[in-house]
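# Structure at a glance
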Amino acid sequence: MSVFPSNLGTKTPQPFFFNNNFLKTHLKLFVSFHNRNYPKSRNPILCLPNSNKKPLFSDEMEKNSNWVAAIESAPDGKYDMELEVAVKAVHVACLLCQKVQENLIFNGNEDVQAKDDNSPVTVADWSVQATVSWILSQAFGAQNVSVVAEEDIEALSKSNAISLLSSVVKTVNDSLSAASIFGIEPPVTALETTQVLEAISRCNSTGGPTGRFWVLDPVDGTLGFVHGDQYAIALALVENGEVVLGVLGCPNYPMNKEWLDYQNGYRRILSRLTKSSSESWGGKGCVLYAKKGSKKAWMQPLVSGDKGWVWPNSARPIKVSAIDNPILATFCEPVEKANSSHSFTQGLAHSVGLRNQPLRVYSMVKYAAIARGDAEIFMKFARAGYKEKIWDHAAGVVIIQEAGGVVTDAGGRPLDFSKGIYLQGLDRGIIACAGSSLHEKIMRAVDASWNSSSL
Ligand SMILES: Nc1ncnc2c1ncn2[C@@H]1O[C@H](COP(=O)(O)O)[C@@H](OP(=O)(O)O)[C@H]1O
Ligand SMILES: [Mg+2]
C-alpha cells in the first residue's frame, strides 16, 4: 500500500465494493472516495470493482506518479470528484467545439442561428450543453445535478429545426462515443432525440443563495466562435452562493500569446492555414481549472488524437503575472465595443499610465490570459442597464483568484453569484488584475472619471 502518503496512519484500509459502472471505469475517482473519508474517519477506504475483487491500488496506481500528485494537490479531498468530472467534461466539450468550428470555418456547412437578442447560436452551443449535462448526470445522478446554463430548447423544438436538431443529436453522440479517451463510459446505445432534448432542458436551474448548482456557458464568445477566433467553454460549481470550482476550456488559446489579440489576427492566421496544416498545428488549446481556497490554479494541454489521458494529465500550475508597473502592463477587454466601452477603458488606461495597446479578445479567454500571466488587467464596462450573467464570469473569477489575482466590481466588492442568473448589484463594471496595486489604481481611475463618462 505504498501509494498512500506516509502520514495516513497505520489503520488497514477497508475494502469497499461497488457496482456503479461509471466509477468502475474511473480509477482516479477512487481517490476522492478515499480522501472524502480521510482524515475524518482516519480509516482510508480501499475501492474494489465488484466484478473481479482485484484491488485497483498497487500495481496500476503505483506506476502512476500522476495519481500521487493528485492526492498531494488536494489534501482535504473536498470537491475532488466534482473537479475531475468537470475537467473531463470540458475536455470533451473542447474537442466537440473544435470539430464544429472547423466544419464552420473550413467547410462553411454549419448552421448559425440568431437568438431573440440577435446573438448567434450554433450546433456547438446545444451540443455542449447536452453533453456536459449528460456527463454530470451520469457521474452524480440526474436527481443530484442542478445546472444553470445559457441555452434552452425553444429554437430546437420548432418545426423548421428538424435538420438542426438531428445535427445536434449526431454531434452529441459522436462526442460521447469519443469520450472514452478520458475514461468516460459512453451511453450503451446512442442517445435518442428526446434524451438529448431532455439533457439540454434539464439545465433549467435559476441558481440562488443556497444549495449546490453548476453554472455552464457551453460556448462563451459565440461571435468569436463563428468568426474562427477565440471562445471558451466555462463550467463552475457554486455552493451556498460561492463559486467553489471553476473550469475553463480555451480550445484556440495559441502557443504565441500575440495571436490572442483580435487585431493581430488570429483569425487571419487561421484562415491562411489549410485544413490539414491546422490539424498538425499542435500546441494550441488548454483547459484551466481551480478549486476555491486551494491557492493553486492549473492548466492542462488539450489532447490531440486518442492518446491515453490519465488524470491529472500533465497539469501544471499557473500564476498571474508579477508585473505591477502600469507602463509594462497589458489590459484586455471585449472585442465588441457594444459589450464594453472602449472609449471609457482607453481613458482609464491613459490615466493610470498604461502604454501597451489593449488586448481585445472574445470570451472568457480574457480571464484565462490573466490567470496564465499573459496580461495583467481585464476590464469590462457594459452599457447602463446591461445585466451580467453568472455563466459569463463564475469559472474565470475563481481561476484568477486562485492563480493569485484579484477580481471585483468597480467598487471593490466581490462578484455576487448568489442572486440568481444575474450578477445583481454589480457596481459599474468588472476589474480583474494580476495584483492589488494595479487593481487599486484602476478603481481610483474609475472613481475619478465615472461622472464625466457617458456610461
Ligand atoms: N450588450 C452587452 N454588453 C455586455 N455583455 C454582453 C452584451 N451582449 C452580450 N454580452 C455578453 O458578452 C459575452 C461575450 O463576451 P465578450 O464580449 O467578452 O466576448 C456574451 O457571451 P456569449 O457569447 O456566451 O453569449 C454575452 O453573454
Ligand atoms: Mg457567454
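What counts, and where the lines are drawn
Sequence positions are assigned chain by chain, starting from 1 and proceeding in written order. By the order in which they are written, chains take letters starting at A while ligands take numbers starting at 1. Thresholds applied to this predicted model are a pLDDT of at least 70 for local features of residues and 80 or more for the giving and counting of side-chain atom pairs; totals over whole chains, interfaces and linings are not thresholded and use all residues. Each side-chain value is derived from all of the structure's non-hydrogen atoms; neither hydrogens nor water enter the calculation. For this description, a residue counts as near a given molecule or strand if any of its non-hydrogen atoms is within 4 Å of it. The term polar contact refers here to a pair of N or O atoms within 3.5 Å; inside protein, the definition further demands a hydrogen-donor-capable atom paired with an acceptor-capable atom, and it admits residues adjacent in sequence only when both atoms are side-chain atoms. UniProt positions are given in the numbering used here, feature names are shortened, and annotations may be inferred rather than shown by experiment. Two residues form a contact once any of their heavy atoms are found within 4.5 Å. A run of DSSP states H or I qualifies as a helix once it reaches four residues; a run of E qualifies as a strand once it reaches two. Both are numbered from the N-terminal end. Distances define the donors: N, O and S atoms within 2.8 Å of the metal qualify, as do those within 3.2 Å of Na, K or Ca. Water is excluded, so some sites may look unfinished. Relative accessibility thresholds used throughout: buried, under 20% of the residue-type maximum; exposed, over 50%; partly exposed, between the two (1.4 Å probe, protein chains only). Helix axes use the C-alpha atoms of the stretch in contact, all axes being lines fitted to C-alpha atoms, and the angles between their N-to-C directions lie in the range 0 to 180 degrees. Oblique is the label for any angle not under 35 degrees, not over 145, and not in the 65 to 115 range, which are roughly parallel, roughly antiparallel and roughly perpendicular in turn. What makes a crossing left-handed is the near helix being turned counterclockwise from the far one by less than a right angle; a clockwise turn instead makes it right-handed. Amino acids are sorted into nonpolar (Ala, Val, Leu, Ile, Met, Phe, Trp, Tyr, Cys and Pro), charged (Asp, Glu, Lys and Arg) and polar (every other residue, Gly among them). Patches here: salt-bridge-free residues with over 30% relative accessible area, like charges joined within 9 Å, nonpolar side chains (Val, Leu, Ile, Met, Phe, Trp, Tyr) joined within 5 Å. Areas reported as accessible are Shrake-Rupley estimates using a 1.4 Å probe. Residue values count occlusion only from the protein chains shown. Every case where a carboxyl oxygen of Asp or Glu lies within 4 Å of a side-chain nitrogen of Lys or Arg is listed as a salt bridge. In this charge count, Lys and Arg are treated as positive and Asp and Glu as negative; neither His nor the chain ends contribute. Taken as the charge location is NZ of Lys, CZ of Arg, CG of Asp or CD of Glu. Note on pairing: two strands pair once DSSP finds at least 2 bridges between them. Helix span is expected to be 1.5 Å times the residue number reduced by one. Side-chain rings of Phe, Tyr and Trp (the six-membered ring for Trp) are treated as a pair once their centres are within 6.5 Å; stacked means planes under 30 degrees apart, edge-to-face means over 60, and tilted covers the remaining angles. Counted as over-ring charges are cases with an Arg CZ or a Lys NZ within 6 Å of the ring centre that also lie within 35 degrees of the ring normal. Note on terminology: a nonpolar core comprises buried Ala, Val, Leu, Ile, Met, Phe, Trp, Tyr and Cys residues joined through side-chain atoms within 4.5 Å.

## Some remarks on the site of ligand 1
Around ligand 1 lies a shell of 17 residues, among which Gly221, Asn339, Ser363, Lys366 and Asp392 are the nearest. Contact between ligand 1 and Val219: an oxygen atom at 3.3 Å from a main-chain N or O atom of the residue. Here Thr222 contributes a backbone N or O atom positioned 2.9 Å from an oxygen atom of ligand 1.

## Overview of the UniProt feature "binding site: Mg(2+) 1" (unreviewed entry) in the chain
When the UniProt feature table is mapped onto this chain numbering, "binding site: Mg(2+) 1" (unreviewed entry) sits at Glu150, Asp217 and Asp392. Judged by maximum C-alpha separation, these annotated positions cover 243 residues in sequence but sit close together in space, the widest gap being only 9.4 Å. In contact with Glu150, not counting residues within four places along its chain, are Lys115, Gln129, Leu216, Asp217, Pro218, Val219 and Trp391. Within the secondary structure layout, Asp217 lies in strand 6 (residues 212–220). Setting aside its immediate chain neighbours within four residues, Asp217 contacts Glu150, Ala232, Ile233, Ala234, Trp391 and Asp392.

## Looking at the coordination of the magnesium ion (ligand 2)
Angles between donor atoms at a metal ideally measure 109.5 degrees for a four-coordinate tetrahedral arrangement and either 90 or 180 degrees for a six-coordinate octahedral one. Coordination of the magnesium ion (ligand 2) by the protein is provided by Asp217 (OD), Asp220 (OD) and Asp392 (OD), with metal-donor distances spanning 2.0 to 2.1 Å. Written as a sequence motif, the donor arrangement for the magnesium ion (ligand 2) is D-x2-D-x171-D. With Asp220 in strand 6 and Asp392 in the loop between strand 14 (377–380) and helix 14 (394–402), this residue pair connects regions lying 172 residues apart in the sequence. Given a relative accessible area of 14%, Asp392 falls into the buried group.

## A closer look at the packing of helix 6 (residues 123–140) against helix 7 (residues 162–177)
As a packed pair, helix 6 and helix 7 sit with axes 9 Å apart at the nearest point and diverge in direction by 45°. One element, helix 6, and the other, helix 7, form an angle in the oblique class. For helix 6 against helix 7, the interelement crossing comes out right-handed. In this structure, helix 6 uses Val123, Trp126, Ser127, Ala130, Thr131, Trp134 and Ile135 to contact helix 7, whose residues at the interface are Leu164, Ser167, Val168, Thr171, Val172, Ser175 and Leu176. Split into classes, the residues belonging to the contact of helix 6 with helix 7 amount to 9 nonpolar, 5 polar and no charged.

## Description of a negative patch on the surface
Where like charges cluster on the molecular surface, the negative patch consists of Asp116, Asp117, Asp152 and Glu154. Within the element layout of this structure, Asp152 appears in the loop between strand 5 (147–149) and helix 7.

## What about the pairing of strand 10 (residues 297–301)?
For strand 10, a buried count of 4 out of 5 residues is recorded, marking the element as mostly surrounded by other parts of the structure. The hairpin formed by strand 9 (residues 286–291) and strand 10 contains 5 residues between the paired strands, and Gly293 there has a positive phi angle of roughly 85°. In the sheet, strand 10 pairs with strand 11 (residues 316–318) via 3 bridges, with the strands oriented antiparallel. Looking at the pairing, Met299 lines up with Arg316 of strand 11.

## Let's talk about the UniProt feature "binding site: Mg(2+) 2" (unreviewed entry) in the chain
When the UniProt feature table is mapped onto this chain numbering, "binding site: Mg(2+) 2" (unreviewed entry) sits at Asp220. For Asp220, a relative accessible area of 8% translates into the label buried. Excluding anything up to four places from it in sequence, Asp220 contacts Tyr231, Ala232, Ser363, Met364 and Asp392.

## What about helix 6?
Here helix 6 contains 18 residues, and its C-alpha end-to-end distance of 26 Å stays within 8% of the 26 Å for a straight helix at 1.5 Å per residue. Most of helix 6 is tucked away, with 17 of its 18 residues classed as buried. At the N-terminal boundary of helix 6, the capping side chain belongs to Thr122, with an oxygen 3.0 Å from the backbone nitrogen of Ala124. Once helix 6 ends, the next one or two residues include Gly141, with phi positive near 90°.

## Description of the sheet that holds strand 13 (residues 359–360)
Pairing in this open sheet of 5 strands is mixed, and the strands run 13-12-14-16-15 from one edge to the other. Two strands in the sheet have a free side with no partner beyond their single neighbour: strand 13 and strand 15 (406–409). Across the face of the sheet, helix 14 comes into contact with strand 15 and strand 16 (430–433) while running at roughly 135° to strand 15. On top of the sheet, helix 15 (residues 436–449) reaches strand 14, strand 15 and strand 16; it is set at about 155° to strand 16, its chief contact.

## Details of the packing of aromatic side chains
For any pair of aromatic rings, geometry is given as the distance between the ring centres together with the angle between the planes. One pass over the structure, following the stated rule, counts 9 aromatic pairs. Each ring, one from Phe381 and one from Trp450, has its centre 6.4 Å from the other, and the planes form 45°; the classification is tilted. A residue pair is termed long-range when its members are at least 10 positions apart, and Phe381 in the loop between strand 14 and helix 14 and Trp450 in the segment after helix 15 qualify at 69 residues. Residue classification places Trp450 among the buried residues on the basis of a relative accessible area of 18%. Ring pairing ties together the aromatic residues Phe182, Tyr289, Trp309 and Trp311, which thus form one cluster. Positioned over the ring face of Tyr422 is Lys387, at 4.3 Å from the centre of the ring. Above the ring of Trp450, the side-chain terminus of Arg428 is found at 5.8 Å from the ring centroid.

## Here's the deal with the nonpolar core
Counting residues in hydrophobic clusters, the biggest one holds 68 residues, and the most contacted among them are Leu136, Trp214 and Phe225. Of the residues forming this core, the biggest block, 15 residues, is contributed by helix 5 (residues 80–107). Beyond its immediate chain neighbours, meaning those up to four positions away, Phe225 contacts Cys97, Val100, Gln101, Leu104, Ile105, Thr122, Ala124, Val219, Gln230 and Tyr231. Val243, Ala290, Ile370 and Val398 belong to the second largest nonpolar core, which has 47 residues in total.

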